[in-house]
Amino acid sequence: MLLAASLALLFLYHPQDAKPVDAQETFNRAEALLRRGFPVLSQELAARGYDQSQNSNSVWAARFQALEAEALEWRGMYEETLRLMAAPAPAGVSGDEEIHKLVIEAVALIHLQDIAEANKKVASAQYLCSLKATGECGEVIRAQGLLAMELGHFSEARDFFLKSLRVAREHSDRQLETTALLNLSAAAIQQERYDDAVDWSSSALKAAQDLGDENLAEAAMGNVGWAYLGLGDTSRALDLFLDAEKQAKEIGNVRNQLKWISAIGNTALGTGDSARALQSYRDALMLAKQIDSNEDIINSLEYLAHVSIDQGNLDDADFYLAQLVPRVQATASRLDDLDVVLAQAKIDAARHHDEWAKGLFRGVEHDPDSQTSMRMGAEHALARLFEAENNAKDANTMYRTALKTFEAARAELKDEDSKLPFLTNATPIYDDYIHFLVHRGQSRRALDVADQSRARTLAQGLGIDSDKPTFTPAALRPEEIARKANATLLFYWMGARQSYLWAITPRRTAVFALPAQDTIVPLIGRYRRALLGPEDPVEAANEDGRALYNLLVAPAARLIAPGAHVMVLTDGALSQLNFETLLAPGPGPMGATARPDAAAHYWIDDVTLMSAPSLSMIAAARPSRGATGRLLLLGDAVSPNPDYPELPMASAEMSAIERHFPAFARTVFARQSASPAAYLKSAPAQYAYIHFVTHGVASRTDPLDSAIILSRSGSGEDSFKLHARDIIHHPIHAKLVTVSACYGSGARSYAGEGLVGLSWSFLRAGAQSVIAALWEASDESTPRLMDNLYEGLEDGMAPADALRRAKLALLHSHSRFRKPFFWGSFQIYTA
């Protein structure tokens, strides 16, 4: 893996020395240029300072020489650095300055992979430090860490970097402290401890920014990206890599620029964009050859070989491996050796040289130096090989082994916030295993595996210990779960090769093969845009709405009785789709708004729909103790900032809701009093109905940071946010919680689940049902819809039935509110 291992070095400053003013000013300007990201200008100015000082002041000459060398190193020009430092040292150089020179040379040699010479330089520097311990010796310790990193001894490297960090803090050396933090992040990434890497690299980024060092900031930014990529958060990683690449280009650091280009390629590959990945790796290889960097050439060739294999271009892969093997053999890097073996195994498997491939995969799997991702990849590939041979027993064993390897890696993550995105790394294994099981007639087992994956993701997103028995495969049979829910369950799995639908009734379970997710996802995107547009999809006979019904519902239609309650358990992008808005064939039942000769009608006319998280969570749900019929109503908040403007119709909606409860049975917080503190202090467990008339937002990286936006309750920056983590920690017994504004159900869809955010947080806290919006609700129609909802509840209807009746009132009206934009955003979630 390509990492930004900091090359920043110390500049010695001795107040007791006599310093000519012009030399001091020149040095300060040159150093400031380097820190602000202008190494070329810094190098030129340092060279002039050296020329002016070499015959008049040996101390300043040595400092200018070191500064010029550092500028060269930041530009990735290691050979030039060594040539510069090979020049005779000016007379009168102190021991500290000699140590500094040795460290500069050692770092350059490490990056040129001349380990023997680098060791000699470090040993010489250590000897000088043994004679006199100074702050400069912290850089020697850091150089030892870089040597250990190059040799693949990552735990040893981490120990050196921690020691270097202690020395930096003892001497109040902010520059060394920042580089030590950066190197600790690099070691954590190589050890695949990605949550630690996020912490180290984020600390390094902040320290670099506080220091005003653009070079270190660029390197730290990229390392934060690597950490998030390892955790599976590709969108954040890509943004960071793009910023780091741009900054490296502006700085003139070609070596780091090509690293981030390669990282962009890795991210593109992770999202299925192999064409962009291939181009990124080719660009990186071109830059690597331009600066003759063997390390970067090796990395680029490795990436190109793997992408070519994945695309089926085996001749291209052979071409890249032929260039790669002699370079790797010359470096003696065990990780690179293993990567070559893994690539060759994949080629052999693709060419049906099965026995050779198995031997190579087994070698990678059992090698103690293999990274977790390598072992998991080898085990997954072995499972696919056995599957292709119709060796079901060994294939099943190997799929389970790969998942155990993944779970072991996940368990080692200490930061709970890192575990949710990390789960996406196992998606391809789960996907292939489910496909394998279904095609061997084990659809019930496949359903268990799919649900286990989903329940674990949801549990992790909500901060629940997913290793507890509650989240093992459901103890009840699927049909018993459907009976408990009093509904037909539609459980979806979106797959790369094929998707699946399990239709579960109280009497039977049937599985249906659906198209791959690449076929379904574009339809969802287009239909969502149509729902938010000016046309009525029924009147326009929208093809995407009809196609989605035919793909997702029609296969199981004969198992769904008219007027039935249907519980949808969605996966991936399906979480963004309200199934009520799908276009079922024909004019629909009596009373539907479509013309008698209409080609389609909305599926809401046929069934009552709900969304649920997973079979395991439904099976584990216990009946709520219930609360009295009291209402807790918060809304019409004072806008905390321009991002969350006030809702013009919030007051009217709240008044309409209040009318359904006597004064003694309602507690209302509006305007400034509608704050997070008010909710938390209100003893929410005593209310049967909790309703928010305000904005809601979802965190892209941490679902527990999802929040309801209220009025500020203090001076804290986020005092206006009622976070999901706070919601979970305050038990409730509500029959219904409603968030009637924008993005209330969340906005991030992780692999293997629906939306993890506010809706599931309230369910986890104890709510029986939650109503929230998939898109920003209309401020005009929502008060009317909510008034009708509570009217239905007053009539004794269940929340799902009351919500459906309220929606149908809009749909069957002759106003513009009949369009699904006005009623289709709200969904009801239950467990």
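Residues numbered from 1 in each chain as written. Predicted model: local features only at pLDDT ≥ 70, side-chain atom pairs only at ≥ 80, totals over all residues. Heavy atoms only, no water.

Brief notes about the overall build of the protein chain
Right, on to step 1. Helix and strand counts for the protein chain stand at 34 helices and 16 strands.
Right, on to step 2. When each of the 831 residues of the protein chain is scored for burial, the buried share is 59%.
Right, on to step 3. In the protein chain, 69% of the contacts between residues at least 6 apart in sequence involve partners at least 24 apart.
Right, on to step 4. Of the roughly 32100 Å² of accessible surface on the protein chain, 51% is carried by carbon and sulfur atoms. (Helix = DSSP H or I, 4+ residues; strand = E, 2+ residues; numbered from the N terminus. Buried < 20%, exposed > 50% of the residue type's maximum accessible area, 1.4 Å probe, protein only. Contact = heavy atoms within 4.5 Å. Areas by Shrake-Rupley, 256 points an atom, 1.4 Å probe, with all protein chains shown as cover.)

Let's talk about the packing of aromatic side chains
Right, on to step 1. In total, this model carries 23 aromatic pairs according to the counting rule given.
Right, on to step 2. Between Arg-63 and the ring centre of Trp-60, over which it is positioned, the NZ or CZ distance is 5.0 Å.
Right, on to step 3. Here the basic side chain of Arg-236 rests over the ring of Tyr-228, its NZ or CZ set 4.6 Å away from the ring centre. (Phe/Tyr/Trp six-rings, centres within 6.5 Å; stacked < 30°, edge-to-face > 60°. Lys NZ or Arg CZ within 6 Å of the ring centre and 35° of its normal.)

Overview of the side chain of Asp-451
Right, on to step 1. Relative to the helices and strands, Asp-451 resides in helix α23 (residues 443-461).
Right, on to step 2. Residue Asp-451 is classed as buried on the basis of its relative accessible area, which comes to 2%.
Right, on to step 3. Reaching out from Asp-451, the side chain makes a polar contact with the side chain of Ser-616 at a distance of 2.6 Å.
Right, on to step 4. What Asp-451 contacts, discounting residues up to four positions off in sequence, is Phe-491, Ser-614, Leu-615 and Ser-616. (Polar contact = N/O pair within 3.5 Å; in protein donor to acceptor, adjacent residues only side chain to side chain.)

Quick word on the pattern of salt bridges
Right, on to step 1. Under the definition given, this model contains 29 salt bridges.
Right, on to step 2. Here Glu-80 and Arg-83 are joined by a salt bridge, their closest N and O atoms 3.9 Å apart. Here Arg-83 and Glu-80 lie together in helix α4 (residues 78-85), a separation of 3 residues that amounts to about one turn.
Right, on to step 3. The salt bridge involving Asp-296 is made with Lys-259; its shortest N-O contact spans 3.4 Å. Taken together, the positions of Asp-296 in helix α15 (residues 294-310) and Lys-259 in helix α13 (residues 254-270) put the pair 37 residues apart, joining distant regions of the chain.
Right, on to step 4. Judged by relative accessible area, which is 0%, Asp-296 ranks as buried. (Salt bridge = Lys/Arg side-chain N within 4 Å of Asp/Glu carboxyl O.)

Quick word on α4
Right, on to step 1. Of the positions making up α4, those classed as buried are Tyr-78, Thr-81, Leu-82, Leu-84 and Met-85. On an axial view of α4, the arc spanned by its buried residues comes to 160°, and they lie on one face.
Right, on to step 2. In this structure, the buried side of α4 is in contact with α3 (58-74), α5 (95-111) and α13. (Arc of directions from axis to C-beta.)

Considering the packing of α15 against helix α16 (residues 314-331)
Helix-helix packing is described using two parameters, namely the angle between the two axes and the distance between the axes.
Right, on to step 1. The contact between α15 and α16 brings their axes to 8 Å, and the two run at 150°. Between α15 and α16, the angle falls in the class roughly antiparallel. Judged by the sense of rotation from one axis to the other, the crossing of α15 with α16 is left-handed. For the pair α15 and α16, contact is made by Asn-294, Ile-297, Ile-298, Leu-301, Glu-302, Leu-304, Ala-305, Ser-308 and Ile-309 and by Leu-314, Asp-316, Ala-317, Tyr-320, Leu-321, Gln-323, Leu-324, Arg-327, Val-328 and Thr-331, respectively.
Right, on to step 2. Along the lines of polarity and charge, the residues of the contact of α15 with α16 split into 12 nonpolar, 4 polar and 3 charged. (Axes fitted to C-alpha atoms, helices over the stretch in contact; angles between N-to-C directions. Parallel < 35°, antiparallel > 145°, perpendicular 65-115°, else oblique. Left-handed = near helix turned anticlockwise from the far one by under 90°. Nonpolar A, V, L, I, M, F, W, Y, C, P; charged D, E, K, R; others polar.)

Here's the deal with the environment of Glu-139
Right, on to step 1. Within the fold, Glu-139 resides in helix α7 (residues 137-150).
Right, on to step 2. Along the chain, Glu-139 and Ala-125 lie 14 residues apart, while their C-alpha atoms are 9.6 Å from each other.
Right, on to step 3. Within polar-contact distance, the side chain of Glu-139 engages the side chain of Arg-142 at 3.0 Å.

A closer look at unusual backbone geometry
Right, on to step 1. Here the phi dihedral of His-352 falls at roughly 65°; this positive angle occurs in a residue that is not glycine.
Right, on to step 2. Within the secondary structure, His-352 sits in the loop between α17 (334-350) and α18 (354-366).
Right, on to step 3. For His-352, a relative accessible area of 65% puts it in the exposed group.
Right, on to step 4. The backbone of Asn-390 shows a phi angle near 60°, a positive value even though the residue is not glycine.
Right, on to step 5. Summarising the element assignment, Asn-390 is placed in the loop between α19 (372-388) and α20 (392-411).

Topic: the sheet that holds strand β12 (residues 707-709)
Right, on to step 1. Across the sheet, which stays open at both edges, the 3 strands sit in the order β11-β12-β13 with antiparallel pairing between neighbours. The sheet terminates laterally at β11 (695-697) and β13 (721-723), the two strands that pair on one side only. For this sheet, the mean angle separating the axes of adjacent strands, direction not counted, is 25°. (Pairing = 2+ DSSP bridges.)

A few points about the pairing of strand β1 (residues 488-493)
Right, on to step 1. Of all 6 residues in β1, 6 are buried; the element is thus mostly enclosed.
Right, on to step 2. Residues Thr-488, Leu-490 and Tyr-492 point to one face of β1 and Leu-489, Phe-491 and Trp-493 to the other, with burial holding for every one of them.
Right, on to step 3. Sheet topology note: the β1/strand β2 (residues 499-504) ladder contains 5 bridges and is antiparallel. Each bridged residue has a counterpart across the sheet, and for Leu-490 the counterpart in β2 is Ala-503.
Right, on to step 4. The hairpin formed by β1 and β2 contains 5 residues between the paired strands.

Concerning helix α12 (residues 234-251)
Right, on to step 1. Helix length check: α12 (18 residues) gives 25 Å between terminal C-alpha atoms against 26 Å at 1.5 Å per residue, within 8%.
Right, on to step 2. Among all positions of α12, only Thr-234, Ala-237, Leu-240, Phe-241, Ala-244, Glu-245, Gln-247, Ala-248 and Ile-251 are buried. For α12, the arc enclosing every buried residue in end-on projection is 170°, short of the 170-degree limit, so these residues lie on one face. What points out from α12, more than 90 degrees from its buried face, is the exposed set Lys-246, Lys-249 and Glu-250.
Right, on to step 3. One or two steps after α12, the chain reaches Gly-252, where phi turns positive at roughly 95°. (Expected span 1.5 Å × (residues − 1).)

Read these as spatial facts, not as claims about activity.
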